[in-house]
Every structure is written in C-alpha cells, then in structure tokens.
Amino acid sequence: MVSTNLILGIAAVVVLLFVVYLYNSFIRLRMRTNNAWSQIDVQLKRRYDLIPNLVEAVKGYMKHEKSVLENVTKARSALVSGGMVEKAKASNQITQALKSIFAVAESYPQLKANENFMQLQEELSGTESKIAYARQFYNDSVMAYNEALQVFPGNLLAKLFSFTSKDFFAAEAGERKNVKVSF
Amino acid sequence: MSIYEEISANKRKSSLLIFCFLVFALFLGYLIGFFYGNQYFGLILAIIFGGIYFLISYYGGASAILTMTKAREAKKPEFTHLINTVEGLSIAAGLPKVPKVYVIDDSALNAFATGRNPEHAAITVTTGLLHKMNKLELEGVLAHEMSHIKNYDIRVMMLAAVMVGLTVLLSDFLLRSFLWGGKGGKRENNQLTLILIIAGIALAVLSPFIGEMIKLAISRKREFLADASGALLTRYPKGLADALRKIKGDPDPLVDHANKATAHLFISMPFRHDGKTSMMQNLFATHPPLEERIKKLEGM
C-alpha cells in the first residue's frame, strides 16, 4: 500500500513540475513577444518624429508635388490611433509614401546635396530597416509562442490558463522571403 | 545543433579553457616553487597571479583585444550607416543590448566581434570593409558577427585570445629577445636570463599544443553556424556569400595589427589566402576555406 501511495505521489509531483515548467515557458515566450512589440513601437515612434523634419526640409523644394507630402502626413497621423493591425497598415503606407518622396527628390539636385536632407534620408532609411528587423523578430517570437500554445499537451494547459495566440505584424508585399537553413 | 545547445557548449568550453589555464598556472607555480625549494610558495604565487590574470582577461579581455588591434569607437555622423545597421541587426537577433561598434583604419577586408557576453559585446570592422562592401554585403558580414555574439562564441574566442594566445606571444617574445636580445652584451643577470630562456623554450615547445587547444575550442563548425544564423537574421544568404567572395578576391587580406593571438577572431584569416601559408599559420588555421563557406551559403 505504501509503495502505491509513494508512486502516486511521485507521479503527481512530476506532473505538477511539468505543468509549472510549461506555464513558465508560456509566460517567457509571451514576454518576449511583448518586448518584441515594444521594439517595433519604439522604431515607429522614431520615424513618426522624423517625418515632420523631412517634410520641413523638402517643402521648399517640392512645390509641384504637394500630394506626395500630403500622403506621408496623412499616413503618419493614421499611425497614432488603432491597434496592431491598423498600425501595420499605416506603417506600410508611410513606407510607400517615403519611398515616393525619395524618388521625387532624385530630380532635385539641390535638395539631394542638402546636408540636412542627406542626414534625414540616412536616418529614415536606417529606421525603416530597423522596423523591418523589429517586425521580423516580433513575428519569429509570435511564431514560437503560438506554436507552444498549439502543440500537445501545451494546448490543454493553454486553454486552462486562457493563453491566447497572437497576431503577426503583417508585412508589405515583396518582402524578403525566409531562407531554408540546414546545418 | 540548436542555438541553445551551442550556447551551453560555448559556456562549457569557456569554463574548460579557464580550468586548463589555471592548471597550467599551478603547474608552472609548482615548478618555480620547486626550484626555490618551497612548492607551497610557488603554488600560492600561481593562484594569486593566475587568478588576477583570469579576472583581467575575463573583464578586460575585450578592451585588450580592441587595443591590440588598434580599434577606435565608431561615432555618428561619420559611421551613421554602420551604427544603424548594427542597431537593426541586434533588434533582429533580439539581443538585450546593442553592441558597441568599432572600426580599424586598415584597407584589408575583415571584421570581428568580441566581449564576454551579449550584454558586453563589441563589433569591429575595418574601414576597408566599409568602403568596398555594398549595403547587403555589409549587412551579411555584420549579421555573421552578431551570431557570434548571440551564440557566446565571443566568450570562448576572447578567452582563447587573451589567456592562451598571450602565452604563445610571450614565448615568441622571450625566444626573440633571447636570440637577438642583450644588445651590447648586457648579460650580467645570469640567473634571470637562464630562467627566461628556459621559460621561453618550454613555452615554445608547448605552443603547438596550445595551437591545438585553440583549434579545439574554436571548431571550424562555428564559422558555418555563424554564417547560417547570420543568414537567418538578414534572410538573404547571398549578401554574406558576395561579401566572402569579395574578401577572397582581395589582394590585401592582411590586417596590420592582427597576430597569432587575435587571428581566430576575424571573419576570415587575417593572413594570406593564396595557400602559401607558413607552418605557424597552418597551426592556427581556425577557419574553414572561404570557398566552402560560399558554397554552403549559396545552397541555402
């Protein structure tokens, strides 16, 4: 009798330990996605702050392309409100709008030679690629988190503690594809 | 091998390197003590000096390496693009902190990362690399270095450079000063000279083994692994493949301030690529051929 109780007790402890381990790993993965999201937010904010400076710098040169500037300003204001899906959409719009500003700037040699403009362009393209990297890290983290929630037996526990899966941060078309890596 | 296994393997190797170093120091201390007729004195001496040297190399190794290679900190606005790329890649890698960025004023194409952990890490590139690589190639190289940081390769490589590598340099130095030294025949202090010569010879005899140790610690696989995880970061293996091809075709692969202690840190051997390597350089061949690495990257 004693030995049966002992075995049952040990089994209970093992199961409990496993549950604790799973729970903690869910928490860890979820924290990583939150942290990854805040990385995106930091870079979006940085770009948000840089855009008025850019508009200011190019306004004097681009008299005939008012609509290009209006586009970027409009997309920028859309970034403030809304959740992640709206932010992703607004962010993609800003990317496109900025691209067209820099494309137009190509035909203004004086603007292109402007020190202030050159610095802004470098900063903005740096921020642009940081957003892309932050999104990549966020999506990787979300993938790991969602996967952990969906595989057995994690899915039972996830339901019990009501962990819900997260959305990906949508990428624009023509994004770099993932590569297959084999060691 | 997953990245987590790689990380724990690297931490284990670091401890092993430290352990071997301390055993070596104790052995040396015992010998010295033996000659002076008091082994305990020698052992205590070894513990004190070995311990101090370990602490210095663990906490100051990265700065020592940066000083040795004559690296200077990269600042905006001169290196805005470089700094931005490093920041972006460290976000992609999910590093806790952006590594410090350094440059070496050298026309050779090379780069390395160093530090004791991802929180205390530095990435160094030569100015030649910055001038000759395009955006994607630079990104590829930096992503490779970023992976060394994330995998804790930097800790093993730093300890190998500072603890083991310096022993080799010391033996070089002692032997050289013995062969050409004593300018003008200043050799009064006979006993000291004798000890130095013996130490030099002992170290010289040991240096092939030390070279083997470095090779064991810095397995060639880690370069492939860093290439692969770098490609995962940029999602563009061709960038690094092109960069490696440029490095391979460069007629000036030498980094002036690279030496045997720091060679294994670099992304490609900072010596000649033309196959005419000396025996000493072969001994420290810690890198797989560039050709092989390019082929693997292009197969991804």
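Fair warning: this is a prediction, and the values are worked out from it, not measured in the lab.

About the criteria used
Residue positions are given per chain, counted from 1 along the sequence in the order it is written. In the order they appear in the text, chains get letters beginning with A and ligands get numbers beginning with 1. Two thresholds apply to this predicted model, a pLDDT of at least 70 for residue-level local features and 80 or more for giving and counting side-chain atom pairs, whereas whole-chain, interface and lining totals are computed over all residues. Only hydrogens and water are set aside when side-chain values are computed; all heavy atoms of the structure are taken into account. The helix and strand labels rest on DSSP assignments: H or I over at least four residues marks a helix, E over at least two residues marks a strand, and numbering proceeds from the N terminus. Note on areas: these come from Shrake-Rupley sampling with a 1.4 Å probe, and a residue is covered only by the protein chains present in the view. We call a residue buried when its accessible area falls under 20% of the maximum for its residue type, exposed when it is over 50%, and partly exposed in between, using a 1.4 Å probe and counting protein chains only. Note on contacts: a residue pair is in contact if any heavy atoms of the two residues lie within 4.5 Å. In this description, buried area is defined as the sum, over both parts, of the accessible area (probe of 1.4 Å) that is lost when the two are combined. For this document, the term salt bridge refers to a Lys or Arg side-chain nitrogen within 4 Å of an Asp or Glu carboxyl oxygen. Here a polar contact is taken to be a pair of N or O atoms separated by no more than 3.5 Å, where protein atoms must pair a possible hydrogen donor with a possible acceptor and residues adjacent in sequence count only if both atoms sit in side chains. Gly counts as polar in this scheme, as do all residues outside two lists: the nonpolar Ala, Val, Leu, Ile, Met, Phe, Trp, Tyr, Cys and Pro, and the charged Asp, Glu, Lys and Arg. A pair of strands is considered paired only if DSSP assigns at least 2 bridges between the two. pLDDT expresses, on a scale from 0 to 100, how confident the predictor is about each individual residue. Pairs were defined over the aromatic rings of Phe, Tyr and Trp, the Trp ring being its six-membered one, requiring ring centres within 6.5 Å. Orientation was assigned from the angle between planes: stacked under 30 degrees, edge-to-face over 60, tilted for the rest. Remark: a charge is flagged as sitting over a ring if the NZ atom of Lys or the CZ atom of Arg is within 6 Å of the ring centre and within 35 degrees of the ring normal. Helices are assigned an expected span. That span is 1.5 Å times one less than the residue count. Inter-axis angles, ranging from 0 to 180 degrees, are taken between N-to-C directions of lines fitted to C-alpha atoms, where helices are fitted over the stretch in contact.

A. Quick look at the overall build of chain B. If you tally the helices and strands in chain B, you get eleven helices and four strands. With an accessible surface of roughly 14,300 Å², chain B has 66% of that area assigned to carbon and sulfur atoms.

B. Quick peek at the environment of Asn 139 of chain A. Residue and element names in this part refer to chain A. Mapped onto the elements of the fold, Asn 139 is located in helix H5 (residues 115-150). On the basis of relative accessibility, which here comes to 18%, the residue Asn 139 falls in the buried class. C-alpha separation for the pair Asn 139 and Lys 166, spaced 27 residues apart in sequence, amounts to 9.5 Å. Setting aside anything within four residues of it in sequence, one finds Asn 139 in contact with Phe 168 and Phe 169.

C. Structural context of the interface of chain A and chain B. Across the boundary between the two partners, chain A contributes 20 residues, which contact 26 residues of chain B. Summed over both sides, the interface between chain A and chain B buries roughly 2,000 Å², with carbon and sulfur atoms accounting for 56% of that surface. Inspection of the chain A/chain B interface yields three salt bridges. A salt bridge links Lys 76 of chain B to Glu 123 of chain A; the nearest nitrogen and oxygen atoms lie 3.4 Å apart. Where chain A meets chain B, there are eight residue pairs in polar contact (both at pLDDT 80 or more). Every element with two or more residues in the side of chain A that touches chain B is listed here: helix H1 (2-59) and H5 of chain A. In terms of residues, the side of chain A that touches chain B owes the most to one element, H5 of chain A, which gives ten residues. Classifying every residue of the side of chain A that touches chain B gives six nonpolar, six polar and eight charged.

D. Summary view of the pattern of salt bridges. Residue and element names in this part refer to chain A. Tallied over the entire structure, the rule returns 20 salt bridges over all chains. With a shortest N-O distance of 3.1 Å, Lys 87 and Asp 41 are connected by a salt bridge. Of this pair, Lys 87 sits in helix H3 (residues 84-105) while Asp 41 is found in helix H1, placing the two residues 46 residues apart along the sequence. By relative accessible area, which is 15% here, Lys 87 ends up buried.

E. Highlighting unusual backbone geometry. The omega torsion of the bond from Phe 152 of chain A to Pro 153 of chain A falls at 0°, within 30 degrees of zero and hence cis. For Tyr 152 of chain B, which is not glycine, the phi dihedral falls at a positive 65°. Position of Tyr 152 of chain B relative to the elements: it lies in the loop between helix H5 (135-150) and helix H6 (153-179). When its relative accessible area of 14% is taken as the criterion, Tyr 152 of chain B is described as buried.

F. Looking closely at the pairing of strand S4 (residues 120-126) of chain B. Residues and elements named next belong to chain B. Taking burial as the measure, the seven residues of S4 include six buried ones, the bulk of the element. For strand S2 (residues 100-104) and S4, the ladder comprises five bridges, and the chain directions are parallel. Counterpart to Tyr 102 in the pairing with S4 is Thr 124. Pairing of strand S3 (residues 111-117) with S4, which is carried by six bridges, proceeds in the antiparallel orientation.

G. Representation of the pairing of S2 of chain B within the structure. Residue and element names in this part refer to chain B. For S2, a buried count of four out of five residues is recorded, marking the element as mostly surrounded by other parts of the structure. Bridging between strand S1 (residues 71-73) and S2 involves three bridges; their strand directions are antiparallel. In the strand pairing of S2, Ala 71 is matched with Ile 104.

H. Structural view of the confidence of the model for chain A. On average, chain A scores 84 in pLDDT, and the residues at 70 or more come to 92%. Within chain A, no element has a lower average pLDDT than helix H2 (residues 66-78) of chain A, which sits at 82, and none a higher one than H1 of chain A, at 90.

I. Examining the packing of aromatic side chains more closely. Under the criterion given, the structure shown has nine aromatic pairs over all chains. Considering the side-chain rings of Phe 26 of chain A and Phe 163 of chain A, the 5.1 Å spacing of their centres and the 65° angle between planes classify their relative orientation as edge-to-face. Of this pair, Phe 26 of chain A sits in helix H1 while Phe 163 of chain A sits in the segment after helix H6 (154-160), and the two are 137 residues apart along the sequence. Three or more aromatic residues joined by ring pairs form one cluster here, namely Tyr 23, Phe 26, Phe 161 and Phe 163 of chain A. Above the ring of Tyr 152 of chain B, the side-chain terminus of Lys 11 of chain B is found at 4.6 Å from the ring centroid. The side chain of Lys 296 of chain B reaches across the aromatic face of Phe 224 of chain B, ending 4.4 Å from its centre.

J. Region of interest: helix H9 (residues 237-249) of chain B. All names here are of chain B. Taking 1.5 Å of rise per residue, the 13 residues of H9 would be expected to cover 18 Å, and the 19 Å separating its terminal C-alpha atoms lies within 8% of that figure. Every buried residue of H9 is listed here: Pro 237, Gly 239, Leu 240, Ala 241, Asp 242, Ala 243, Leu 244 and Ile 247. Contacts from the buried residues of H9 go to H5, helix H8 (221-234) and helix H11 (290-298).

K. Up close: the sheet that holds S4 of chain B. Residues and elements named next belong to chain B. Taken in spatial order, the four strands of this open sheet run S1-S2-S4-S3, and their pairing is mixed. Each edge of the open sheet is held by one strand with a lone partner, namely S1 and S3. Taken pair by pair, the neighbouring strands of this sheet meet at an average axis angle of 30°, ignoring direction. In the packing of H5 onto the sheet, contacts are made with S3 and S4, and the angle to S4 comes to roughly 155°.

L. H8 of chain B, seen in detail. All names here are of chain B. With 14 residues, H8 extends 20 Å from end C-alpha to end C-alpha; this agrees with the ideal 20 Å at 1.5 Å per step. The element H8 is largely enclosed, with a buried count of twelve among its 14 residues. Turning to H8, its buried residues number three or more, namely Arg 222, Glu 223, Phe 224, Leu 225, Ala 226, Asp 227, Ala 228, Ser 229, Gly 230, Ala 231, Leu 233 and Thr 234. Immediately beyond the C-terminal end of H8, within one or two residues, lies Arg 235, with a positive phi of roughly 55°.

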